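The lines below spell out each chain.
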Amino acid sequence: MEKKSMKGYLYLAPALIIILIFTIYPLIRAFMLSFMEDYNLVNGSYKGINLENYIDIFQDRHFIKALTNTGIYVVFVVPCSIALSLIIAVLLNSHIRFQGVFQTIFFLPYVTSTIAIGIVWGWIFNSDYGLLNQLLSWFGIKSIPWLTSKQYALPSLIIFSIWKSMAFDILIFLAGLQTISEDLYNAARVDSTPRWRVFWRITVPGIGPMISYAFVMGMINAFKVYNEVYALFRGKNGPAGSANTVVFYIYDKFYNQSKYGEASAAAVILFLIVLGLTIIQRTLTGKKE
Amino acid sequence: MEIRIENLTKAYGDFKAIDNMNLTIADGDLVGLLGPSGCGKSTTLFMLAGLNKPTAGRIFFGEHEVTDIAPEDRGIGLVFQNYALYPHMTVEDNIMFPLINRKVPKNEARDRAYEMAKMVQLEGLMKRKPKALSGGQQQRVAIARALVKKPEVLLLDEPLSNLDAKLRVETREEIRRIQQEVKITTIFVTHDQEEAMSISDKIAVMEKGVLQQYEVPQKMYLNPGNLFVATFLGTPQINVFDAEVHDGKIYCAGNMLRSGCMVPDGSYKGGIRPESFNVTLLPSAPDAIRAEASHVRMTGRELQIRFNLGANEFRLLVHSDMQIGVGTPFYLTTREKQILLFGQDGKTVGKF
Ligand SMILES: Nc1ncnc2c1ncn2[C@@H]1O[C@H](COP(=O)(O)OP(=O)(O)OP(=O)(O)O)[C@@H](O)[C@H]1O
Ligand SMILES: [Mg+2]
């Protein structure tokens, strides 16, 4: 027995070492840095070990703004993406014509670089000749300065991200839908089940595990949002920082302002939030099983 | 509710899954729809259920034509081959589901579900999920769910195929009991001929989308309409041999099996069931045929003996107390009215 498990660990060793070096070590390092006041990256000196960095960032209105932005972002992007993806996946699964074509269209964002999509959406959101304003003008809505006003920067980011994260959600929902037996739907027809009840009582529970997976992954990814901001606002965090997010804040603190301690403290806060939500989610779904 | 099927055809492209089927099922009958895999049993059932659209032909339930009526308006209960229980609902919710959909008040729905559960002996399992039930229990849930809305027709698609041998026999008796209790017109799909014969009022045998014969089980077994039906019913299978008829006498490889038959001379296919031989160790009659056992298998109740007449191999069954081993010579005659003759087209010519 003992020997066997030794062998198992040996096989795992390369992967474990890589994880240790590139994931665990930076994590510990960031954790340590977050308690070091005025850390200097060049000579490794610091003023003292204390909570100064944490106090600083929580007194920094940019951090608070980044945190609330990220919160709002998560609350809108994850559920909207899941709900829309579910509807589209169900439609795609219902033996429509050109199914393959539609699947490809919806999956394209997943395999295309975020930067490229960002450029395209930059045009769509353009206030003078953008597609979106064109569309809205048909309904008599005045031109909206999507990417150039403080008010609309975050909503633009959210719309863009919903569309982008739908690709992954649709993909796993479609895979899940194929596992639901056709006979269940036939049985539901014989039992005169209304469409909406078929959806809620058969389809949704049938892909329940996929929905909860999409929820966790979507939430973790949404908390780490950075690429989308970068792509949509050409490397900035929106007009006057109006679309700032926590990761963008961390990046800015670390590379532009060389405030390593504060950047690390923000990273630790983000880590704790994601960890906490994951634990809550796991205990909630764990109880249901 | 009487079911009438008229000229029913289902084509997939050029392929006819069901070819011009005509069938009338009397009110309250249990009919076994029997045939080999792929012969169109499920297709027929799904057309009766309305889940599949016929290419041509008409279906009547009683006086009403239902050909173009949606499944939910046909008043049918359907039990699927894999039961198709809703996996995320409890047994109780599964059985109540058709009632809730029909806007029956919740309390009444629950009462009727429990009443149903009592009949199929599911009390005590109502709060379980289907996953936590045995195959037989799942099957009873499926039947309860199908019956709870008081349908006028019950359709069962190979409901016993997932059960082990013992449970199969138990559950098929149970289905029969429930069917008699509710007196509901029932179609029971199976590819197991013994199952079909033992619980059906009448059997419909199908092959390659064509209805071969529709008859009471005993009559069908004794008077099969053609060679296919004869070979499909009965285990061990009926012996099929090359038969020659001269002057009203039936020969197999030069051995006269029967005389005085009113059939034109010529070549036929003969058929005789394994249990239709009289076997003795000493000649019992002047025209008894001498044969030698090539294989002997003891099955408990009976001995299964194989022997040859010319190039034709036969199996016969005798009581297991008979002392016959491999190579033992014996004498046989055939029981009256037990030799079937089939024409070259496979149709039954007569019984001698
Ligand atoms: N959608 C379809 N397209 C083409 N052919 C089909 C289709 N559905 C069924 N068939 C064919 O129709 C024939 C009858 O099928 P059916 O399912 O009714 O057989 P069955 O008698 O129920 O067989 P089993 O005992 O294996 O369930 C088969 O040969 C099958 O291949
Ligand atoms: Mg079938």
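Starting afresh in each chain, residues are numbered from 1 along the sequence in its written order. Ligands are numbered from 1 and chains lettered from A, in the order in which they are written. Local features in a predicted model are, by the rule used here, given only for residues with pLDDT of at least 70; side-chain atom pairs are given and counted only at 80 or more, and totals for whole chains, interfaces and linings are based on all residues. No hydrogens and no water enter the side-chain calculation; it runs on all heavy atoms of the structure.

Remarks on the overall build of chain A
Counted only if it meets this: Helix and strand assignments come from DSSP, with helices taken as H or I runs of at least 4 residues and strands as E runs of at least 2, each series counted from the N terminus. We call a residue buried when its accessible area falls under 20% of the maximum for its residue type, exposed when it is over 50%, and partly exposed in between, using a 1.4 Å probe and counting protein chains only. Should any heavy atoms of two residues lie within 4.5 Å, those residues are counted as being in contact. Values of accessible area rely on a 1.4 Å probe in the Shrake-Rupley scheme; residue burial ignores everything except the protein chains shown.
Each helix and strand in chain A was counted, giving 13 helices and two strands. Viewed in the frame of its principal axes, chain A has a C-alpha envelope of about 75 × 70 × 30 Å. Looking at chain A as a whole, 40% of its 289 residues qualify as buried. In chain A, once contacts between residues fewer than 6 apart in sequence are set aside, the share between residues at least 24 apart is 64%. By element, 68% of the accessible surface of chain A is carried by carbon and sulfur atoms, the whole surface being about 17300 Å².

Regarding the nonpolar core
It is characteristic of soluble globular proteins that their nonpolar side chains tend to be buried jointly. Here is the rule we go by: Nonpolar core, defined: a set of buried Ala, Val, Leu, Ile, Met, Phe, Trp, Tyr and Cys residues in which side-chain atoms within 4.5 Å join the residues together.
The biggest cluster of nonpolar side chains holds 99 residues, and the ones touching the most others in it are Phe173 of chain A together with Leu155 of chain B. Here this core takes 12 residues from helix H7 (residues 150–178) of chain A, the largest share from any one element. When near neighbours in sequence (up to four residues on either side) are disregarded, phenylalanine 173 of chain A contacts Ile82, Ser85, Leu86, Ala89, Ile207, Met210, Ile211 and Ala214 of chain A. Grouped together as the second largest cluster of nonpolar side chains are 35 residues, Val79, Ile95, Val120 and Ile175 of chain B included.

A look at the interface of chain A and chain B
Selection criterion: Two parts placed together each lose some accessible area under a 1.4 Å probe, and adding up what both lose gives the buried area. Take a side-chain nitrogen of Lys or Arg and a carboxyl oxygen of Asp or Glu: if they are within 4 Å of each other, that pair is a salt bridge. N or O atoms within 3.5 Å of each other form a polar contact, as long as, within protein, one can give a hydrogen and the other can take it, and as long as residues adjacent in sequence are counted only when both atoms are side-chain atoms. Classes in brief: Ala, Val, Leu, Ile, Met, Phe, Trp, Tyr, Cys and Pro nonpolar; Asp, Glu, Lys and Arg charged; the others, Gly included, polar.
Counting residues at the interface gives 17 residues for chain A, matched by 23 residues for chain B. For the pairing of chain A and chain B, the buried interface totals around 1700 Å² over both sides, and the portion due to carbon and sulfur atoms is 58%. The salt bridge involving aspartate 191 of chain A is made with lysine 149 of chain B; its shortest N-O contact spans 3.1 Å. Where chain A packs against chain B, one counts 11 residue pairs in polar contact (both at pLDDT 80 or more). Residue assignment for the side of chain A that touches chain B shows that the elements contributing at least two residues are helix H8 (182–190) and helix H9 (195–206) of chain A. In terms of residue class, the side of chain A that touches chain B is made up of seven nonpolar, five polar and five charged.

What to know about the packing of aromatic side chains
Residue and element names in this part refer to chain A. Put simply, the rule reads: Between 30 and 60 degrees the pair is tilted, below 30 it is stacked and above 60 it is edge-to-face, where a pair is any two Phe, Tyr or Trp rings, Trp via its six-membered ring, whose centres lie within 6.5 Å.
Scanning the entire structure with this criterion turns up 27 aromatic pairs over all chains. Ring geometry for phenylalanine 35 and tyrosine 54: centres 5.4 Å apart, planes at 40 degrees, overall tilted. Note that phenylalanine 35 is positioned in the loop between helix H1 (2–33) and strand E1 (36–37) and tyrosine 54 in helix H2 (residues 52–59), a separation of 19 residues in sequence. For phenylalanine 35, a relative accessible area of 23% puts it in the partly exposed group. Ring centres of phenylalanine 254 and tyrosine 260 lie 4.8 Å apart, and the angle between their planes is 70 degrees; this geometry places the pair in the edge-to-face category.

As for the sheet that holds strand E15 (residues 277–280) of chain B
Remark on secondary structure: sheet strands pair via backbone hydrogen bonds, oriented parallel or antiparallel. All names here are of chain B. Threshold: By this definition, two strands are paired if DSSP reports at least two bridges between them. Working convention: axes come from line fits to C-alpha atoms, limited for helices to the stretch in contact. Angles between N-to-C directions cover 0 to 180 degrees.
Taking strand neighbours across the sheet as the criterion, the three strands line up as E15-E20-E16 in an open arrangement whose pairing is antiparallel. The sheet terminates laterally at E15 and strand E16 (289–292), the two strands that pair on one side only. Neighbouring strand axes in the sheet, compared pairwise and without regard to direction, differ in orientation by 40 degrees on average. In this structure, E16 lies alongside strand E20 (residues 329–334), joined through four bridges in antiparallel fashion. Paired with arginine 290 across the bridge in E20 is tyrosine 331.

Some remarks on H2 of chain A
Every α-helix winds through 3.6 residues per turn, so residues three or four apart in the chain are directed the same way. Let me state the cut-off plainly: Think of it as the arc spanned by the lines of direction from the helix axis to the C-beta atoms.
Within H2 of chain A the residues assigned to the buried category are Asn53, Tyr54 and Ile57 of chain A. Relative to the axis of H2 of chain A, the buried residues are bounded by an arc of 95 degrees and lie together on one face.

Quick word on the domain arrangement of chain B
Residues and elements named next belong to chain B. Filter applied, for reference: Source of the domain bounds: an automatic or database domain assignment.
Per the domain assignment, the segments of chain B are domain 1 (3–232) and domain 2 (239–351). Taken over C-alpha atoms, the centre of domain 1 sits 39 Å from the centre of domain 2. Tallying the contact residues gives nine residues for domain 1 and 10 residues for domain 2. Note on domain 1 versus domain 2: buried area summed over both sides is about 810 Å², and carbon and sulfur give 54% of it. Put simply, domain 1 and domain 2 have eight residue pairs in polar contact (both at pLDDT 80 or more) between them. At the level of elements, helix H7 (217–222) and helix H8 (227–232) are the ones that each hand at least two residues to the side of domain 1 that touches domain 2. Top contributing element to the side of domain 1 that touches domain 2 by residue count: H8, with three residues. Here the residues of the side of domain 1 that touches domain 2 sort into five nonpolar, four polar and no charged.

So, the site of ligand 1
Residues and elements named next belong to chain B. Worth spelling out the cut-off: It suffices for a single heavy atom of a residue to lie within 4 Å of a molecule or strand for the residue to be listed as near it.
Within the structure, ligand 1 sits among Tyr12, Phe15, Ala17, Ser37, Gly38, Cys39, Gly40, Lys41, Ser42, Thr43 and Glu158. Taking cysteine 39, its main chain carries an N or O atom lying 3.2 Å from an oxygen atom of ligand 1. A distance of 2.9 Å separates an oxygen atom of ligand 1 from a polar atom in the backbone of glycine 40. Coverage of ligand 1 by the protein amounts to 60% of the 640 Å² it exposes when considered alone. Those elements giving two or more residues to the shell around ligand 1 turn out to be strand E2 (15–25) and helix H1 (41–49). When its residues are assigned to classes, the shell around ligand 1 shows four nonpolar, five polar and two charged.

Comments concerning the packing of H7 of chain A against helix H10 (residues 208–223) of chain A
All names here are of chain A. For the record, the criterion: In what follows, roughly perpendicular refers to angles from 65 to 115 degrees, roughly parallel to angles under 35, roughly antiparallel to angles over 145, and oblique to any angle outside these ranges. Helix crossings are classified by the rotation of the near helix relative to the far one: an anticlockwise turn of less than a right angle makes the crossing left-handed, while a clockwise turn makes it right-handed.
Packing of H7 against H10 brings their axes to within 9 Å, and their N-to-C directions diverge by 160 degrees. Between H7 and H10, the angle falls in the class roughly antiparallel. Judged by the sense of rotation from one axis to the other, the crossing of H7 with H10 is right-handed. Between H7, through Phe168, Asp169, Ile172, Phe173 and Gly176, and H10, the contact on the second element is made entirely by Met210, Ile211, Tyr213, Ala214 and Met217. Here the contact of H7 with H10 is composed, by residue class, of eight nonpolar, one polar and one charged.

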